[in-house]
Amino acid sequence: MFERVLSFLKDLPADGRARNNADDPRVAASALLYHVMSADGVRQDAEWERFKAVLAESYSISGDELDALAAAGERADNEAIDLYAFTSVLKRQLDPGARKAFIGLMWEIVYADGELHELEDNIVWRVAELMDVERHDRVEARRKAAAEVPGAAGTSSDE
């Protein structure tokens, strides 16, 4: 499932460099994924590894280029005042199916540590709302991500 969900990101336009610019779809995606990973205040190694794996596989990058995109996403997230700057970029660039797939990626990062924190749940809910992803699609993506993680704990307010 992870491979299928990642495939849509490869179609996002980029100039080959990770700019610290929220208008760059790669940076916007990286910032949102970084934001949900950091939502509970504890960045687990498993979450960081999943975050970097998503970026590496999505853009076929590694090494310094991967580190630059991860750093650009982190900087953009730290400088942002809200999520709209990022979600609006992705909403313009992605069709409805790709937006659902992106929410699935967010859930996979959330469950990388095997737990669902209420702040992570709330962020995915807000991003999905801003990107016009229906509630039932968001809940289904969460269930799929949780089912793939042995011993995944936590429930969502959606259930």
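Preceding this paragraph is the structure being described.
Residues numbered from 1 in each chain as written. Predicted model: local features only at pLDDT ≥ 70, side-chain atom pairs only at ≥ 80, totals over all residues. Heavy atoms only, no water.

## Looking at helix H2 (residues 25–38)
For H2, built from 14 residues, the straight-helix expectation of 20 Å at 1.5 Å per residue is met to within 8% by its first-to-last C-alpha distance of 20 Å. Of all the 14 residues making up H2, 12 are buried; the element is thus mostly covered by neighbouring parts of the structure. For H2, every residue scored as buried is listed here: Pro 25, Arg 26, Val 27, Ala 28, Ala 29, Ser 30, Ala 31, Leu 32, Leu 33, Tyr 34, Val 36 and Met 37. Elements that come into contact with the buried residues of H2 comprise helix H3 (45–59), helix H4 (63–79), helix H5 (84–93), helix H6 (96–110) and helix H7 (118–130). A distance of 2.9 Å separates the backbone nitrogen of Arg 26 from a side-chain oxygen at the start of H2, and that oxygen is part of Asp 24. (Helix = DSSP H or I, 4+ residues; strand = E, 2+ residues; numbered from the N terminus. Expected span 1.5 Å × (residues − 1). Buried < 20%, exposed > 50% of the residue type's maximum accessible area, 1.4 Å probe, protein only. Contact = heavy atoms within 4.5 Å. Polar contact = N/O pair within 3.5 Å; in protein donor to acceptor, adjacent residues only side chain to side chain.)

## Examining the environment of Val 149
Tracing the backbone through its elements, the reader meets Val 149 in the segment after helix H8 (135–147). Along the chain, Val 149 and Glu 108 lie 41 residues apart, while their C-alpha atoms are 8.8 Å from each other. If sequence neighbours within four positions are ignored, Val 149 has contacts with Tyr 111 and Gly 114.

## Considering the packing of aromatic side chains
Applying the stated criterion across every chain, the model contains 3 aromatic pairs. Between Tyr 34 and Phe 51, the aromatic rings sit 6.0 Å apart at their centres with planes inclined by 65°, giving edge-to-face as the arrangement. Here the residue Tyr 34 occupies a position in helix H2, and Phe 51 occupies one in helix H3, the gap between them amounting to 17 residues. Overall, Tyr 34 belongs to the buried group, its relative accessible area being 8%. Given a relative accessible area of 0%, Phe 51 falls into the buried group. Ring pairing ties together the aromatic residues Tyr 34, Trp 48 and Phe 51, which thus form one cluster. In this arrangement the basic side chain of Arg 26 is found over the ring face of Tyr 59, its NZ or CZ atom lying 4.9 Å from the centre. The side chain of Arg 43 reaches across the aromatic face of Trp 48, ending 4.0 Å from its centre. (Phe/Tyr/Trp six-rings, centres within 6.5 Å; stacked < 30°, edge-to-face > 60°. Lys NZ or Arg CZ within 6 Å of the ring centre and 35° of its normal.)

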